[in-house]
Amino acid sequence: MSQLFVPAGYRPLLSVKETEQAIVRIKDFFQLALSTELNLTRVTAPLFVPKGKGLNDDLNGVERPVHFPVKDMNEQELEIVHSLAKWKRVKVTEMGLPRGFGIYTDMNAIRADEELDNIHSLYVDQWDWEMALNETDRTIDFLRDVVRKIYRCLKRTEFFIYDNYSGIAPELPEEITFIHAEDLFAMYPGMTAKERETEICRKHGAVFIIGIGHALADGSLHDGRAPDYDDWITETGNGNRGLNGDLLVWNKVHGQALELSSMGIRVSPETLKEQLEYRGCPERAELWFHKTLLSGGLTLTIGGGIGQSRLCMFFLRKAHIGETQVSVWPDKMKDSCAQAGIPLL
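Residues numbered from 1 in each chain as written. Predicted model: local features only at pLDDT ≥ 70, side-chain atom pairs only at ≥ 80, totals over all residues. Heavy atoms only, no water.

1. Re the overall build of the protein chain
- A tally of regular secondary structure across the protein chain gives 9 helices and 13 strands.
- Computed over the C-alpha atoms, the radius of gyration of the protein chain is 20 Å, within 12% of the 20 Å expected from 2.2 N^0.38 for a compact globule of 345 residues.
- Once the C-alpha set of the protein chain is aligned to its principal axes, its extents read approximately 55 × 55 × 40 Å.
- Burial analysis of the protein chain (345 residues in total) assigns 52% to the buried set.
- Taking all contacts inside the protein chain whose residues are at least 6 apart in sequence as the whole, residues at least 24 apart take part in 73%.
- Per element, the accessible surface of the protein chain, about 15,300 Å² overall, is 51% carbon and sulfur.
- Distance from the positive charge centre (39 side chains) to the negative charge centre (50 side chains) of the protein chain: 3 Å. (Helix = DSSP H or I, 4+ residues; strand = E, 2+ residues; numbered from the N terminus. Rg over C-alpha atoms; globule rule 2.2 N^0.38 Å. Buried < 20%, exposed > 50% of the residue type's maximum accessible area, 1.4 Å probe, protein only. Contact = heavy atoms within 4.5 Å. Areas by Shrake-Rupley, 256 points an atom, 1.4 Å probe, with all protein chains shown as cover. Lys, Arg positive; Asp, Glu negative; His and termini not counted. Charge placed at Lys NZ, Arg CZ, Asp CG, Glu CD.)

2. Examining helix α5 (residues 193–204)
- Here α5 contains 12 residues, and its C-alpha end-to-end distance of 17 Å stays within 8% of the 16 Å for a straight helix at 1.5 Å per residue.
- Along α5, the positions that sit buried rather than exposed are Ala193, Arg196, Glu197, Thr198, Ile200 and Cys201.
- Buried residues in α5 make contact with β7 (177–180), α4 (181–187), β8 (206–210), β11 (244–251) and β12 (256–265).
- Just beyond α5, the residue with positive phi is Gly205, at close to 90°. (Expected span 1.5 Å × (residues − 1).)

3. Describing the sheet that holds strand β1 (residues 40–42)
- Spatial ordering of the open sheet is given by β1-β5-β6-β13-β12-β11-β8-β7, a layout of 8 strands whose pairing is mixed. The two strands at the open ends of the sheet, each matched to only one other strand, are β1 and β7. Averaged over all pairs of adjacent strands, the angle between strand axes in this sheet comes to 30°, irrespective of strand direction.
- Examined bridge by bridge, β1 and strand β5 (residues 102–110) share 3 bridges and lie parallel to one another. Among the inter-strand pairings, Thr41 is bridged to a residue of β5, identified as Ile103.
- Along the sheet face, helix α1 (residues 16–38) touches β1, β5, β6 (123–132) and β13 (301–307) and points at about 20° away from the line of β6.
- Packed on one face of the sheet, α5 meets β7, β8, β11 and β12 and runs near 65° to β11. (Pairing = 2+ DSSP bridges. Axes fitted to C-alpha atoms, helices over the stretch in contact; angles between N-to-C directions.)

4. Considering the UniProt feature "domain: Aminoacyl-transfer RNA synthetases class-II family profile" (unreviewed entry) in the protein chain
- Those residues carrying the UniProt feature "domain: Aminoacyl-transfer RNA synthetases class-II family profile" (unreviewed entry) are residues 101–330 in this numbering.
- Between the end C-alpha atoms of residues 101–330 the distance is 42 Å, and the span holds 30% helix and 25% strand. (UniProt positions renumbered as here; feature names shortened; annotations may be inferred.)

5. Concerning the packing of aromatic side chains
- For the coordinates displayed, the defined rule picks out 6 aromatic pairs.
- For the pair Phe314 and Phe315, a centre-to-centre distance of 5.4 Å together with 55° between the ring planes defines the contact as tilted.
- Positioned above the aromatic ring of Phe289, the side-chain terminus of Lys86 is 5.7 Å from the ring centre.
- Taking NZ or CZ as reference, Arg144 lies 5.7 Å from the ring centre of Phe178, over its face. (Phe/Tyr/Trp six-rings, centres within 6.5 Å; stacked < 30°, edge-to-face > 60°. Lys NZ or Arg CZ within 6 Å of the ring centre and 35° of its normal.)

6. Brief notes about the sheet that holds strand β4 (residues 76–80)
- The sheet built from 3 strands is open, its strands ordered β2-β4-β3 with antiparallel pairing. Looking along the sheet, the strands with just one partner apiece sit at the ends: β2 (48–50) and β3 (67–70). Strand-to-strand twist of the sheet, defined as the mean angle between neighbouring strand axes without regard to direction, takes the value 35°.
- Two strands pair when backbone bridges link them, and β3 and β4 are joined in this way by 4 bridges, in the antiparallel orientation. Across the sheet, His67 pairs through a bridge with Glu79, a residue of β4.

7. Overview of α1
- Taking 1.5 Å of rise per residue, the 23 residues of α1 would be expected to cover 33 Å, and the 33 Å separating its terminal C-alpha atoms lies within 8% of that figure.
- For α1, every residue scored as buried is listed here: Thr19, Ala22, Ile23, Ile26, Phe30, Gln31, Ala33, Leu34, Ser35, Glu37 and Leu38.
- Contacts made by the buried residues of α1 are with β1, β5, β6, α3 (140–164), β13 and α8 (308–315).
- Looking at the residues trailing α1, positive phi occurs at Asn39, about 60°.

8. Focus: the layout of surface pockets
- What the second largest pocket holds in volume is close to 280 Å³.
- As for the second largest pocket, its lining consists of 21 residues, and the residues nearest its centre are Gly54, Asn56, Asp58, Glu79 and Leu287. (1 Å grid on protein atoms, 1.4 Å probe; cavity = no way out; pocket = protein on both sides within 12 Å on 5 of 7 lines; lining within 4 Å. Points joined across faces, edges and corners; volume = space filled by probe spheres on them.)

Set out below in structure tokens:
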């Protein structure tokens, strides 16, 4: 069910024209920073992939991909991507990239089952990236090191915006805070996962929550994660599991946490098999992507996605993601935004 939150007294800091110009500046600056920080080469990405090969991102396993038959290919079904979580790993393998080098791309997706609100849209645009690594890199320390590099890119971009738009002062803390989802659960008993995220981001400003996908102490999930890309089952000590996580920041406009990125060290053949069993879907092992991975045919990687519109929304202090991207919204939401002075593009 679509929802809209209208911040009290909200007024955009930039006009629509200034916003459009700032979006270009942010995207150009950030992707250059990201590519140089992580040694990433830009590649061209697909909008759709063949159905039935296991290449599409299954998200939480319940979202329906938009699909269509192709007349000139004997009515073969193709799917609009949800993200490129698995496609990128195939691409890194095909390119033969060595450890420490990778790719990034502009990913555009349609998520028809998304519940529309201030930060969720039918249209998804993000930088999808993937980097080759070795078996010895599959550690929490390596994950933290990559997260810090991405956070440095965020800090640089925030200063770049302030340097060009002096009315948008920097807010990000100097360092990002790491916490495991299990420890966060113990810290704020009785709260929902979203409430826990808000409290930890209110306290620290920028947080990376480790271990998204495995059950917590009470059997719940902090958030859903498909079993076939991120490794969320590997034991990392102190009873914790997971080599993945979400990067969140404190969104002062909403007074809530805002997720900007989801990323992780990808499954090995062993952990893929374990996670498929854990989720009760071992039959996926027969799909092309999974068979290739299980046979050792794919490079070990780390990767993730960084929301472009959300990034622009955060840095420009916007109330609605529709202020930084063009999408389709319910008439009631459009009318409410117009009345509240929220200019949807």
